[in-house]
Amino acid sequence: MAAPLLAPPLSAVSPTWQDYLPLALLSPCLPGLPRGGLSTVFGARSSGQTAFRDAVLAAATRRGEHAALADLGDHFDPQAAAQAGVVLRRLVWVRGGGNIEHALKAADLLLHGGGFGVVCLDLGEAPAPELNRIPISYWFRFRAAVQHTPTVFLLMSRQPLAVSCAACRIEFRRRGILWSGEPPFRLLRGLRIEALARKPGPERPLRWEAEAE
Amino acid sequence: MYACLYQPQATEALAELAGSFSPEVEITAPGTGVFSIAGLGRLIGPPQQIAAEIARRGAERGLVANLALAATPDAAVLAATNFRGVTIVPPGREAVCLGPIPLEGVPMSEELRQSFRLWGLRTLADVAALPPIGLAERLCEEGLRIYELACGRARRPLRLAPPVTGYCERRELEEPVRELGPLLVVMGQLLGELCRHLDANSMAARRLTAELELEDRSTYMRVLELPVAQSRLKPLLKLVELDLEAHPPPAPVRAVKLELEPVRPRRLQGGLFLPAEPEPERLHLTLARIRAMVGEDNAGFAELIDTHRPDAFRMTSAPPARGSESEAPAGSARPRLGFRRFRPPLAARVKTSDARPAHVAAPRVTGHVTEAAGPWRSSGDWWTAAAWAREEWDVALTDGGLYRLWRDPISGNWFVEGEYD
């Protein structure tokens, strides 16, 4: 008698690069950011979100994938990103000029255009009232657009957004600033960052340091 | 069978006359046109009647030319270029008919002509009388070719002239059109026709020029440079639509002219295990849609400029060339400190204590300085009119942010350049 065909238990399935964009920063909690899903990161000022975004863009573009950034406030710094390892000729950058509707539509067009390894929507400096006015249907639309594609959709903001639609949710906190030397001869060395992976699964903290040049 | 027309002064008229009998026309040399008359026998009659018909149509056009009909193209060419009037070479009788042609009238290399002269050969009949194997041994391939010409046995297909395709369409409108919608319908029809021409010739368009004749007889022109050559109607029409929406014609349009610049299409071998990338045509269209929304210079690829000037980059619509940046794997697994730039920099009021920033007040950034590192002085381009100089400070404020400030040493003004994140 033939044995019944059973799906392997979830824990036995090892994630592959087709399912995740590998990111050493997130190990051992997560193998990376999930493809075909919406990942949200949020945190206060100087909490390390941008360092994380640049690390994600660098990971994708150095693998040969194309990435896109819909940048609401025109805050992206190509020089800093290039130093972080982002291959700029594989990065499409849309400067939203502070218009939140344009940034959302641009992200939507990029997602529907297809072919990107990462699409990042950076709503970083948008005031809370404006963020709260974004219809929730946008997040569902983004989730549907990215589903069944090999794209990581990364949403960055100061406050948590798209909570129910996110496949992965990470909160960033700054644990300290790294200085060297004594006043008046101080030198900025970097930031000590804590990331709390709130989704999927139970909350797990990750700590790392972002180095200055 | 083949017909050859010879008139050194009228190549175009010959080609036109030949084209009226057959689509297979070869312009062998200026003033010499050969075309196939296979199948005309059932339509017109025997070779004599075909020759008469060609002569009649030539006379209608005022064309005076030699005409020859023969079983092979080369025999027809030889007869037409060497015999005046109309010549019909019956199949199998080429050697006899072409025999009297002097060797001076046959195209060959000067060296071979000299050899024939030294051997005492004067006509094609003399060459045809030679043993072919001996001729090949002494004069190689070219000698044998002349022998086969002399015998009327040289067979080859016609070298057809490629059809001249114009990638330009124009249409006049019955009434001047002001709205974009009806104009795009007309442009869609013209573009559809042009795309069919592109497809038929396996070409793609690199540049699209739209010339709109306005109601006041002036001309409004738009040129679309396409980073990726395209041949499909839908994306091309969408690009035209986006461009005209951004730059509408200033007056109603009474005529439309579209012209494409054709190039060979892109050939790319994909790989099964290579990461996916956006389809170039689709990416270009997506970027065009986004640019129509956010502005021309606000979407594309950033290219760093080789200078120490802060925030020096340019936006390009196509990916910058490889080599402008390194692709070596990052040495450290640790992330780099991110930087969020404020564009333009925020003008700030800074209170100092012991020549160090103590309090910063700028839009969205206010607080007492808890830590500060600096000043880091830099300058550049002092040999040009765009000279710059600055004193940078890295400051941590009580609002929780870590910022980069800079001071203009000439004016003494302070700015918040961005936030470390």
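Residues numbered from 1 in each chain as written. Chains lettered and ligands numbered in written order. Predicted model: local features only at pLDDT ≥ 70, side-chain atom pairs only at ≥ 80, totals over all residues.

## Details of the pairing of strand S8 (residues 219-230) of chain B
Residues and elements named next belong to chain B. Pairing of strand S7 (residues 204-214) with S8, which is carried by eight bridges, proceeds in the antiparallel orientation. The residue bridging threonine 209 from the neighbouring strand is valine 223, located in S8. Turn length for the S7-S8 hairpin, with the two strands adjacent in sequence and antiparallel, is four residues, and the turn residue arginine 217 shows positive phi of about 75 degrees. (Pairing = 2+ DSSP bridges. Helix = DSSP H or I, 4+ residues; strand = E, 2+ residues; numbered from the N terminus.)

## So, the interface of chain B and chain A
Contacts between the two partners involve 53 residues from chain B, matched on the other side by 65 residues from chain A. Secondary-structure elements contributing two or more residues to the side of chain B that touches chain A are helix H11 (280-294), strand S10 (299-304), strand S12 (339-353), strand S14 (365-380), strand S15 (388-397) and strand S17 (414-420) of chain B. With eight residues, the single largest contributor to the side of chain B that touches chain A is H11(B). (Contact = placed C-beta atoms within 7 Å.)

## A closer look at the domain arrangement of chain B
Taken domain by domain, chain B consists of domain 1 (2-151), domain 2 (168-263) and domain 3 (339-420). Spacing between the C-alpha centres of domain 1 of chain B and domain 3 of chain B amounts to 87 Å. (Domains from an automatic or database assignment.)

## Details of the sheet that holds strand S3 (residues 37-43) of chain A
Across the sheet, 10 strands lie side by side as S10(A)-S9(A)-S8(A)-S3(A)-S7(A)-S6(A)-S4(A)-S5(A)-S10(B)-S11(B); this open sheet has mixed pairing. In this open sheet, the two edge strands, each paired with only one partner strand, are strand S10 (204-211) of chain A together with strand S11 (313-316) of chain B. When the angles between neighbouring strand axes are averaged without regard to direction, this sheet yields 25 degrees. When S10(B) meets S11(B), the two strands line up antiparallel, connected through four bridges. Within S11(B), the residue paired with B:Phe301 across the bridge is B:Thr316. Packing against the sheet, H11(B) makes contact with strand S5 (91-95) of chain A together with S10 of chain B, and its axis sits at approximately 90 degrees to S10(B). (Axes fitted to C-alpha atoms, helices over the stretch in contact; angles between N-to-C directions.)

## Details of helix H3 (residues 47-60) of chain B
Residue and element names in this part refer to chain B. If you check H3, its first and last C-alpha atoms are 20 Å apart, about what 14 residues at 1.5 Å a residue would give, namely 20 Å. If you check which residues of H3 are buried, you get Ile50, Ile54 and Gly58. End-on view of H3: buried residues confined to an arc of 75 degrees, all on one side of the axis. Exposed and oriented more than 90 degrees from the buried face of H3 are Gln48, Arg56, Ala59 and Glu60. Taken together, the buried residues of H3 touch strand S1 (2-6), helix H1 (11-19), helix H2 (40-43) and strand S4 (66-70). Immediately downstream of H3, the backbone of glycine 62 shows phi near 75 degrees, a positive value. (Expected span 1.5 Å × (residues − 1). Buried ≥ 20, exposed ≤ 12 C-beta atoms within 10 Å, placed from the backbone. Arc of directions from axis to C-beta.)

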